[in-house]
Number of protein chains: 4
Amino acid sequence: MTGYQRPIRWGMVGGGKQGFIGAVHRIAARIDNHFVLAAGSFSSKAERNLESAAELGIDPARTYASFTEMAQAEARRDDGIEAVSITTPNHLHYPIAKAFLEEGIHVICEKPVTATLAEAQALARIVAASGRLFILTHNYSGYPLVRHAREMIAAGAIGDIRVVQVEYAQDWLTEPVERSGSSGAAWRTDPSRSGAGGAIGDIGTHAFHLAGFVTGMKPISLLAELTSFVEGRALDDNASILLRYANGASGHLWASQVAVGNENALRLRVYGTKGGIEWYQEEPNKLGHTPFGQPKNLITRGSAVAGPAAIRTTRLPAGHPEGYLEAFATIYTEAALAIRARQSDATQLPAAAYPSISDGVQGLEFIEASIASSKANGQWVSLSSITL
Amino acid sequence: MTGYQRPIRWGMVGGGKQGFIGAVHRIAARIDNHFVLAAGSFSSKAERNLESAAELGIDPARTYASFTEMAQAEARRDDGIEAVSITTPNHLHYPIAKAFLEEGIHVICEKPVTATLAEAQALARIVAASGRLFILTHNYSGYPLVRHAREMIAAGAIGDIRVVQVEYAQDWLTEPVERSGSSGAAWRTDPSRSGAGGAIGDIGTHAFHLAGFVTGMKPISLLAELTSFVEGRALDDNASILLRYANGASGHLWASQVAVGNENALRLRVYGTKGGIEWYQEEPNKLGHTPFGQPKNLITRGSAVAGPAAIRTTRLPAGHPEGYLEAFATIYTEAALAIRARQSDATQLPAAAYPSISDGVQGLEFIEASIASSKANGQWVSLSSITL
Amino acid sequence: MTGYQRPIRWGMVGGGKQGFIGAVHRIAARIDNHFVLAAGSFSSKAERNLESAAELGIDPARTYASFTEMAQAEARRDDGIEAVSITTPNHLHYPIAKAFLEEGIHVICEKPVTATLAEAQALARIVAASGRLFILTHNYSGYPLVRHAREMIAAGAIGDIRVVQVEYAQDWLTEPVERSGSSGAAWRTDPSRSGAGGAIGDIGTHAFHLAGFVTGMKPISLLAELTSFVEGRALDDNASILLRYANGASGHLWASQVAVGNENALRLRVYGTKGGIEWYQEEPNKLGHTPFGQPKNLITRGSAVAGPAAIRTTRLPAGHPEGYLEAFATIYTEAALAIRARQSDATQLPAAAYPSISDGVQGLEFIEASIASSKANGQWVSLSSITL
Amino acid sequence: MTGYQRPIRWGMVGGGKQGFIGAVHRIAARIDNHFVLAAGSFSSKAERNLESAAELGIDPARTYASFTEMAQAEARRDDGIEAVSITTPNHLHYPIAKAFLEEGIHVICEKPVTATLAEAQALARIVAASGRLFILTHNYSGYPLVRHAREMIAAGAIGDIRVVQVEYAQDWLTEPVERSGSSGAAWRTDPSRSGAGGAIGDIGTHAFHLAGFVTGMKPISLLAELTSFVEGRALDDNASILLRYANGASGHLWASQVAVGNENALRLRVYGTKGGIEWYQEEPNKLGHTPFGQPKNLITRGSAVAGPAAIRTTRLPAGHPEGYLEAFATIYTEAALAIRARQSDATQLPAAAYPSISDGVQGLEFIEASIASSKANGQWVSLSSITL
């Protein structure tokens, strides 16, 4: 890389003082220094919005009461934001994204991409028409060893894939905290704000994306058992889903927010004709790889065997742990590279550098197919038929 | 314990020179010194039978060409065997067990208990009529921390169970070794000798039993996806099975013999309203327990917190690993205690000291229901309806 | 925290394009947004200095060929830097720190603090006279669970300390890479740039600091065996050091850069009359704590049991790994808080919020005592006598 | 192996009802079926001796009040024991071993071999004169992967050894349990029964032997810091010892019985010019091996990469954990093979099949040198000079 690159002017919708995800986005955006926060509409509550903006040093003139106003006003400014991040509850993703894209502003958006598949499909059309970029923050795909696993599998390191085991277990919704003050729990368990998926939307989509990202394969159909264990909870807090792939591979996806002892236990295991790989988000700096008949290798981030995809996304030498924020920052950095490439038409990005709107649509297909299957007492539901 | 106890006179059917499981039974029987091997029919091949007997120091007069002959001859001897172990391929379990039980000889038998559910049910009636004991070697239930987990859960340590995740992954059938000289692979992949289940019979039944043993719950229905990944293999080598429990709990069982990098990876995780437990067979001397909201505890075998069920089955202080053979030996020791208790009517055994014929019947229900479900493209199949 | 806080104007000496530590400092300074890079002298090589500054977007007018010029020029500016970071080879720390402190600029400095104990002691006097802050980047003390361990021990969680085992093992100097193009290896193995310590200076001082930080105790004497395994290497690449503490505790510190298979394996174990704690830098988000007679607890960063010191330095919920950069950022953030407190006299900082010049002096005592002991064929050398 | 082999007639001195080590020896002797217990003097307390013998089914005529009587009486019998195991407190090893060897009976003996180096050297002469075998139960050398590590290192897998880190940590003597009823603690902390070494004798000798066994190197000198942390304890309960090897390698040995949270934490790490290996007794079925510049391999017991030394001592397939008792049984089996080879002059045993009297002498050299060094405030003490 040569020469200084001006940070991209950037705004946020959502991500105010409370909740942790807004701060995560801001740190992620700062780590590699590609963005400067210049505008925001941080909360639908006016006071909290102003307080948040003040703490963040945002010019009051660029602190907006509504996202509509923000999109229009920023689009009119010579120094208006070039990109916006959306970190609101799910049901607002669609109108906000639409507003900014239609004003010509690139969008970085939390997952699941929208509240419904229909919205996701509509958004895909809007993105296509806008000529702007849409980056979905499936941040776990930013881990260097996740990228390395993808690269290994694409190169045939484990042969033809037979079995995919992916799981994402948490325990923070074990008790009905949505009724005792957790605002994050409250909106995630409320269908009007979260959409039709509970655990499958909030974390299941991450697991679904991760498996697809690493294997390079999407299931053709699924069969789901969704459960709400906490009395009175309207959305699923546990999901167990069988997956079928076009090549005959068999998969299982488990997402739970009531699995006591699991904090953020996203784990992927893929087995093929020639080998197996295993990766665990809570220990993200190592990747297990077993060539059939040989000992398991522990591949470490930053080590001599890391390939181009890992090296591209690695900041530190081996043994110096990178974590969640660095993986998240990689999504932001890929976004920045893509935005600049779009602005200059100069740079060729690697495939799958960042999750896109099509990943978002697939995530909503996954959610809606899972719900349909579960309601039908466990019927196999085709994923492609839902898309159409 | 007081006074010397004469070892029980004991014989074997199967378990000759080749294959590892015969030697496992003999070591298991010796570890606590409750059995003395006195007779056998070690192989259906005459020469191998004689060689095996000679190596084991068995009196040629008590080396039998057939199990029928053995059962009858031993029953007639004043010093005849009191118990027999059956370690043949599955299809022979039923006739052999029947022969010995009907001669009044206690039976220790490998799993799955028979080749079909009908046989298992018939055998259950034979056991009941015989007044003799039937011990099924679901050896993993002999691990002290498995017993401790059962005891903890029964005492309410994790509250009401919500989620059960059990898996048993191996990789030794990744390639078609049944066609390149592995006799163990050959009969296990041959429906005429293994029964209708492949991986679900050979290892799935272990996983199913372990989950039931520890949770104290049996599923009421299941939904299965069985696959044979290796071309030309007649039986499943991968099974992914959803489980429903009467209390609303949701489970998943995965059994695979093509998961590269897994040697004998039996793993159980149970999550309830108040806590979670995790146990892994390859590191059997520790048990993870997380009370909700507290750090994970690593309970170790032999440590101060081990309860009566673990202490009863522990031979060594903490930090001195016990393994597979000791767990297996515990099944033999429980068998010996039960046989002596039956002989003397003197001792009260703890519940579930050893797996019994009813566990065997449930194992076959599991196999047949899984096959039925998978053939029906993943229908929920009631386990109790199958039993009747 | 209330209200926006203007980032501190900040510069760097060293940290140019090559080498990883300059980038680490910049990311660490950005993560919590307390610093803005405004000036620098990034390399003694003019061309590399200019290139680095250009890439970083530094005003050419504030890109300096020498640290002397930089200190003087920045001190004269109204918008001059308030703090500077020093990331050069060790032998330059002293003159650079002196130059900036004497111009009234706060200093953040890499370890070991100077090339000799005499310099460190002189620098301590300069710091005291300057009224400015001196922050030493013993970054491992920034990990939340390191802070939690310190807090637990101070509160008596493990009773009186008896045994301290600390080790820092790497393998990157296994072969003579200093002679095949690694500039980082070249200066670290060159006494004229690194000072008298090799592994003990570069990583041993980190281990020494960590043990002192967590236990709250400094050894009173030590006995060392230093070795240079790679032929022709002038400085130690392996050090094994016995430690004695005033309360009778016994310790051992091992530092190695030739321990194949260790990447950045800093590990601390402390045992007392009532319990033990264990922490490992490569898996920094968990802390083992065993109260005597009870199971080991795995305390996780961000979990409900984390105390104030951990909470203060934690950015993410449990299960979302923080890593090396976040721990490093915590040192920068503590520096910023301290600088602002010094500027405003308003805030009370917690004790040991950041490593200081006295830690630096102790580090050099450790280095020189170790060398003295090793040269004397393993004599116990008093640490306090060296200080005087 | 061909043909049945009559079990060796075998007796025990010590190993009565209380204490765990007697039972360990009996299980170890049974596992591979090479020994039959025929005689014993299980306790110096008459009543406990008789009770123990009765429980074990020993003929009262071969239950002896004293080892002297036992040695003489068994030597006179046509069916007298061929081998005896000594599991008494340390101070009795020498006279007992002497009595049996002089009667022509092979000896299997617990460690440390005697209470003093002088006794060990005298015993070595007695062994040589007797023409009988002396097997020392450094049982940890029986683990298959320990043997594999030895074989790998001998074959050059890690190049020339530079650094040896061996440690053996326990916590059961954290409190003065020797004064509250633990007979095992009482004699181990009593110099008149344990000899001059506390932790260094009881567990330090195991660590010392393991390091020597695996590396194939003995240190030429050592420097020790011994501590008794528990008030009133006469012997060391923590030892930290520097080691120097003839080839310039540097080592450290730590033994502790007050390290809270450690159960039986024997761990060996060896680093050479080309690689490193790591093994941990509490997870004995895996061995870490890192070739320099490549990922760490986890070699598992029973896997395809295990070499002849591991295969020879492995009973189970990979993933089926073997533990402490199996490793101990391997020592007994090697003893049986050696006894039969001696009886028949027919078999060639592998080198280092079992620990011998020379290992015992080296263990006492280690103990006495450590004590001498520690008393001299940490002087380097030559190991060879002590031997002479």
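Note that the coordinates shown come from a computational prediction; the quantities given were computed from them, not determined experimentally.

Chemist: Before we go on, may I ask you to explain helix α11 (residues 324-344) of chain B in this structure?
Modeler: In an α-helix, one full turn covers 3.6 residues, which means residues spaced three or four apart are oriented alike. Here α11 of chain B is 21 residues long and its end C-alpha atoms lie 30 Å apart, about the 30 Å a rise of 1.5 Å per residue gives. Taken across its 21 residues, α11 of chain B has 17 buried, putting it largely inside the fold.

Chemist: In this structure, what is going on with the sheet that holds strand β2 (residues 35-41) of chain A? I would like to understand it.
Modeler: Each strand in a sheet pairs with its neighbour through backbone hydrogen bonds, running either in the same direction (parallel) or in the opposite one (antiparallel). All names here are of chain A. Pairing is parallel in the open sheet, where 5 strands are placed in the order β2-β1-β3-β4-β5. Unpaired on one side and paired on the other, β2 and β5 (134-136) mark the two borders of the sheet. Direction aside, neighbouring strands of the sheet carry axes that sit 25° apart on average. Looking at chain direction, strand β1 (residues 8-14) and strand β3 (residues 83-87) are connected through 5 bridges and run parallel. Across the sheet, residue tryptophan 10 finds its bridge partner in β3, namely alanine 83.

Chemist: What is the right way to read the relation of the copies chain D and chain B from this model?
Modeler: Once chain D is rotated about the relating axis by 180° and shifted along it by 0.0 Å, it coincides with chain B to within an RMSD of 0.0 Å. The transformation relating the two chain copies, once decomposed into turn and shift, fits a two-fold axis. Taking the C-alpha atom as reference, chain D places glycine 323 of chain D closest to the rotation axis, 2.6 Å from it. Counting the interface residues of chain D, we find that 100% of their copies in chain B are interface residues as well, pointing to one common contact surface.

Chemist: So what exactly am I meant to see when it comes to unusual backbone geometry here?
Modeler: Both trends apply: most residues other than glycine have a negative phi, and most peptide bonds are in trans. Cis geometry marks the peptide bond from lysine 111 of chain A to proline 112 of chain A, where omega comes out at -10°. Positive phi outside glycine occurs at asparagine 377 of chain B, with the angle close to 60°. Tracing the backbone shows asparagine 377 of chain B in the loop between α12 (357-375) and β14 (381-382).

Chemist: Would you take a moment to explain the relation of the copies chain D and chain C for this structure?
Modeler: Relating the two copies of this chain is a rotation about some axis coupled with a shift parallel to it. In screw terms, the move from chain D to chain C is a rotation of 180° and a rise of 0.0 Å along the axis, fitting with an RMSD of 0.0 Å. Interface overlap between copies is the fraction of interface residues in one copy that are interface residues in the other; for chain D against chain C it reaches 100%, indicating a shared surface.

Chemist: Looking at this structure, how should I read the interface of chain D and chain C?
Modeler: A common way to state how big an interface is: give the accessible area lost once the parts meet. Taken together, the 42 residues of chain D in the interface contact 42 residues of chain C. Across the chain D to chain C interface the summed buried area is about 3,400 Å²; carbon plus sulfur atoms make up 53%. It is Arg162, Val260 and Phe292 of chain D in chain D that bury the most area against chain C; as a group they hold 19% of the surface buried on that side. At the boundary of chain D and chain C, one finds 4 salt bridges. Between glutamate 167 of chain D and arginine 269 of chain C there is a salt bridge; the shortest N-O distance is 2.6 Å. Across the chain D-chain C interface, the total number found is 13 residue pairs in polar contact (both at pLDDT 80 or more). The set of elements that each furnish at least two residues to the side of chain D that touches chain C consists of β6 (161-169), β7 (219-227), β8 (238-245), β9 (250-256), β10 (265-272), β11 (275-280) and β12 (286-291) of chain D. A per-class count over the side of chain D that touches chain C returns 14 nonpolar, 19 polar and 9 charged.

Here is what the cut-offs are and how they apply
- Residues numbered from 1 in each chain as written.
- Chains lettered and ligands numbered in written order.
- Predicted model: local features only at pLDDT ≥ 70, side-chain atom pairs only at ≥ 80, totals over all residues.
- Heavy atoms only, no water.
- Helix = DSSP H or I, 4+ residues; strand = E, 2+ residues; numbered from the N terminus.
- Expected span 1.5 Å × (residues − 1).
- Buried < 20%, exposed > 50% of the residue type's maximum accessible area, 1.4 Å probe, protein only.
- Pairing = 2+ DSSP bridges.
- Axes fitted to C-alpha atoms, helices over the stretch in contact; angles between N-to-C directions.
- Least-squares fit on C-alpha atoms with pLDDT ≥ 70 in both.
- Contact = heavy atoms within 4.5 Å.
- Buried area = accessible area lost by both parts, 1.4 Å probe.
- Salt bridge = Lys/Arg side-chain N within 4 Å of Asp/Glu carboxyl O.
- Polar contact = N/O pair within 3.5 Å; in protein donor to acceptor, adjacent residues only side chain to side chain.
- Nonpolar A, V, L, I, M, F, W, Y, C, P; charged D, E, K, R; others polar.

The values are spatial; any link to function lies outside them.
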